[in-house]
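Residues per chain are reported as follows:
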Amino acid sequence: VMWGVLITAGLYLSYQHLFKDHSDRRMGVSFGLGFGWGHVMLSALISSAMYFGFAIAVNDLGIAEMTAGYTAEELANFHETLAYMQSLTVMDCVWSLIEVIARQLLLSAMGVIVFAAAEDQERRKNVAVAVCLVTISLMPLAWCQGGAGIPLWIAETIMLMGTVCACLY
């Protein structure tokens, strides 16, 4: 919830103060796309690059050589990461790609919704709508990652439905 409030407030304040001279509605789309891709690059691409680097290091050095100087805790973390990577399926990667695209669309749509609120006094309710849409869309993913027992496919489906609702709104 806090993430949704902070992102929406940041977008709103950006439109109100940094981009107050840009009232063309294409600005909402452009800023939303830029914001969404920035988020994708900071979250999805960095973690993907870290896992890719880990896989290359394991393949090049081998497990025994790579873990030679590790403490017991570091060794446990290494094996946990290795087990996670070995458990990934093609479908996990497909869902991950779908999630990245859906997040991009969600944040782009949210940028347009908040832009409308910043430009028109009568549309101020759009700020609350944006917070609700992003929170409802992303909360199940947070619960899934937090170990609440929600299957990933259900969390992803809820996010996709929230993204569709945000785009239609």
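This structure is a prediction, so every number in the text was calculated from the model and none was measured.

### Quick word on the environment of Gln16
At step 1: On the secondary structure map, Gln16 appears in helix α1 (residues 2-18).
At step 2: Note on Gln16: relative accessible area 26%, which makes it partly exposed.
At step 3: Spatially, the C-alpha atoms of Gln16 and Phe115 are 8.9 Å apart, while their sequence positions differ by 99 residues.
At step 4: Excluding residues within four positions of it along the chain, Gln16 makes contact with Ala118 and Arg124.

### Some words on the environment of Tyr51
At step 1: With respect to the helices, strands and loops of the structure, Tyr51 is situated in helix α2 (residues 26-61).
At step 2: Assessed through its relative accessible area of 35%, Tyr51 is described here as partly exposed.
At step 3: In this structure, the C-alpha to C-alpha distance between Tyr51 and Leu82, residues 31 residues apart in sequence, is 9.5 Å.

### Some remarks on the nonpolar core
Grouped burial of nonpolar side chains is what soluble globular proteins tend to show.
At step 1: Of all hydrophobic cores here, the largest spans 24 residues; its most connected members are Leu11, Tyr15, Met110, Val114 and Leu138.
At step 2: Among the elements of the structure, α1, α2, α5 (90-119), α6 (125-145) and α7 (152-168) are those that each provide at least two residues to this core.
At step 3: The leading source of residues in this core is α5, at 10 residues.
At step 4: Those residues within four positions of Val114 in sequence are excluded, and the remaining contacts are Thr8, Leu11, Tyr12, Tyr15 and Ala130.
At step 5: Phe54, Met66, Phe78 and Leu82 belong to the second-largest nonpolar core, a separate cluster that totals 5 residues.

### Description of α6
At step 1: Taking 1.5 Å per residue, 21 residues should reach 30 Å; α6 reaches 31 Å between its end C-alpha atoms and fits that length.
At step 2: Approximately 35 degrees is the largest bend angle found in α6, and it occurs at Leu138, with the proline Pro140 only one to four residues beyond.
At step 3: Gly147 lies just past α6 and shows a positive phi near 85 degrees.

Basis of the calculations
- Residues numbered from 1 in each chain as written.
- Predicted model: local features only at pLDDT ≥ 70, side-chain atom pairs only at ≥ 80, totals over all residues.
- Heavy atoms only, no water.
- Helix = DSSP H or I, 4+ residues; strand = E, 2+ residues; numbered from the N terminus.
- Buried < 20%, exposed > 50% of the residue type's maximum accessible area, 1.4 Å probe, protein only.
- Contact = heavy atoms within 4.5 Å.
- Core = buried A, V, L, I, M, F, W, Y, C linked by side-chain atoms within 4.5 Å.
- Expected span 1.5 Å × (residues − 1).
- Bend = angle between axes of the 7 residues up to and from the residue.

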